[in-house]
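Now for the letters of each chain:
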Amino acid sequence: MKIEMVDLKGQYDKIKNEIDQAVLECLSSTAYINGPAVKEFQLQLEKYLDVKHVIPCANGTDSLQIAMMALGLKPGDEVICPAFTYVATAEVIGLLGLTPVMVDVDPNTFNLTSQEIERAITPKTKAIVPVHLYGQSCDMEPIMGLAEKFDLFVIEDNAQAIGANYTFSDGRVAKTGTIGHIGSTSFFPSKNLGCYGDGGALLTNDDELAHKMRMIANHGQEKKYYHKVLGCNSRLDTIQASILNIKLKYLDAYSQARNEMAARYDSFFQNVDGLQIPTRQPNSTHVFHQYTLKVKNGRRDDLKNYLAGLGIPSMIYYPLPLYKQDAFRQFSSNNFRLEFTEELCDEVLSLPIHTEMNTSHMDYIYNNFNSFFKKQ
Ligand SMILES: Cc1ncc(COP(=O)(O)O)c(C=O)c1O
């Protein structure tokens, strides 16, 4: 049995006619840069997320960088981010001469908490980057409360959670990425809303920030050949936008399919000694960008190898805390250590979850998990 970690081909085959037509239209129009599909996608995504401004850009890393540039952060300013995340979150902080202050995450939700953030705030702190890891929102209400109290900016890294809903204590519901001052997202092919190359977007309800970010993404110009600020070249290709216009229509159905698979995995694994299934946060829906188990008793790597031998792929997101990466050693002392981040790097294992998986794939995975755990 062939099981993919992510089955982009199977997903494409189901919507091939629509996609092919949109791409061919784009090819024959020759409007490859800033063609009509880009504006259409911007409007569709604004509507879907219920956010005032979507600024499409070249990828999710650029979107984080453009957000930090637009906020006018200066070298030496501190930006709080999780130590347990994809490198892009902290990379752009360092790249802009800012100081990433890496903090621990909650061992059950894998996300930043307001308690850990508050502990890390200093007079130099200017911004917080909560990452909605694996598809579930950080608890944003207390984080926004802290931001207000200490006058900090919040940039939500929503690359893994597009479509998730967060519910405030007064019952108000908002899509992740639209709660902070700026939201950042990625349309990397394997993301829940993925294009067929690179893509990203910035989200904000603030007119002034939207204007600045649009300008920065376009060489710092408001008017062609007149450059107000230093910017960069970060555009979403028209071909990618035309693909995203189609895939956006399916996003909720894709999330639903992922949730059904996650529920089935939960039912398989919840009573297996030595495994911990993902914790659901009560005030967030989950879009299961990843279905991530914690494998206890030091058995994660053995399990991963065992599964690989049977044709079952799995991934470790992420094997090393950011502060232990060579590129980030400059930002912390040698003996710096965060308990839960280290524990998660040793225990997490993400299983295949994608819109084309069927129950026989899942049963095959389950049966082989059982045989592994029976061997102990
Ligand atoms: C949490 C997180 N932030 C940022 C990124 C960067 O996105 P991109 O690969 O589009 O630059 C990714 C995706 O790879 C991600 O998972």
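Read on for an overview of the structure.

The rules we used
- Residues numbered from 1 in each chain as written.
- Predicted model: local features only at pLDDT ≥ 70, side-chain atom pairs only at ≥ 80, totals over all residues.
- Heavy atoms only, no water.
- Helix = DSSP H or I, 4+ residues; strand = E, 2+ residues; numbered from the N terminus.
- Rg over C-alpha atoms; globule rule 2.2 N^0.38 Å.
- Buried < 20%, exposed > 50% of the residue type's maximum accessible area, 1.4 Å probe, protein only.
- Contact = heavy atoms within 4.5 Å.
- Areas by Shrake-Rupley, 256 points an atom, 1.4 Å probe, with all protein chains shown as cover.
- Lys, Arg positive; Asp, Glu negative; His and termini not counted.
- Charge placed at Lys NZ, Arg CZ, Asp CG, Glu CD.
- Near = heavy atom within 4 Å.
- Polar contact = N/O pair within 3.5 Å; in protein donor to acceptor, adjacent residues only side chain to side chain.
- Salt bridge = Lys/Arg side-chain N within 4 Å of Asp/Glu carboxyl O.
- Pairing = 2+ DSSP bridges.
- Axes fitted to C-alpha atoms, helices over the stretch in contact; angles between N-to-C directions.

Scanning the protein chain from terminus to terminus reveals eleven helices and 14 strands. Radius of gyration (C-alpha) of the protein chain: 21 Å, near the 21 Å computed for a compact globule of 376 residues. Oriented by its inertia axes, the alpha-carbon framework of the protein chain measures out at about 70 × 55 × 45 Å. Expressed as a percentage of its 376 residues, the buried residues of the protein chain come to 56%. Sequence separation of at least 24 residues holds for 73% of the intrachain contacts in the protein chain that already meet a minimum separation of 6. Total accessible area on the protein chain is roughly 16,500 Å²; 51% of this is exposed by carbon and sulfur atoms. The average position of the 36 basic charges and that of the 44 acidic charges among the side chains of the protein chain differ by 3 Å.

Around the ligand sit Asn59, Gly60, Thr61, Tyr86, Ala88, Val131, Asp157, Ala159, Gln160, Ser186, Lys191 and Gly199, and that is every residue in its neighbourhood. Contact distances for the ligand include 2.7 Å between a nitrogen atom and a side-chain N or O atom of Asp157. Here Gln160 contributes a side-chain N or O atom positioned 2.9 Å from an oxygen atom of the ligand. In the complex, 93% of the free accessible area of the ligand, which totals 390 Å², lies under the protein chains.

This part is about the side chain of Thr292. Among the structural elements, Thr292 can be located in strand 13 (residues 291–295). Among the polar contacts made by the side chain of Thr292, one reaches the side chain of Ser350 at a distance of 2.8 Å. Once you skip the residues sitting within four places of it in the chain, Thr292 turns out to touch Phe110, Tyr134, Gln276, Pro278, Val348, Leu349 and Ser350.

Right, let's talk about the pattern of salt bridges for a bit. Here the structure, examined in full by the defined rule, presents 18 salt bridges. The partner of Asp207 in a salt bridge is Lys52, with the nearest N and O atoms 2.9 Å apart. One end of the pair, Asp207, is in helix 7 (residues 207–217); the other, Lys52, is in the loop between helix 2 (36–49) and strand 1 (53–57), with 155 residues separating them in the sequence. Judged by relative accessible area, which is 46%, Lys52 ranks as partly exposed. One salt bridge in this structure joins Lys324 and Glu342, with 3.0 Å as the shortest N-O distance. One end of the pair, Lys324, is in the loop between helix 9 (300–309) and helix 10 (339–347); the other, Glu342, is in helix 10, with 18 residues separating them in the sequence. Accessibility expressed as a relative area gives 30% for Lys324, which makes it partly exposed. With relative accessibility at 11%, the residue Glu342 sits in the buried group. By sharing partners, the salt bridges in this structure join Lys296, Glu343 and Glu347 into a single network.

Let's shift gears to the sheet that holds strand 5 (residues 153–157). Taken in spatial order, the seven strands line up as 1-9-8-5-4-2-3 in an open sheet, and their pairing is mixed. Edge positions in the open sheet fall to strand 1 and strand 3 (99–103), since each of these has one partner strand only. Along the sheet, successive strands turn relative to each other by an average axial angle of 25 degrees, direction set aside. By the bridge criterion, five bridges tie strand 2 (residues 78–82) to strand 3 in an arrangement that is parallel. Residue pairing for strand 3: Pro82 is matched across the bridge by Val103. Packing of helix 6 (residues 140–150) onto the sheet brings it into contact with strand 4 (125–128) and strand 5, and relative to strand 5 it is tilted by some 150 degrees.

On their own, these measurements won't tell you what the molecule is for.
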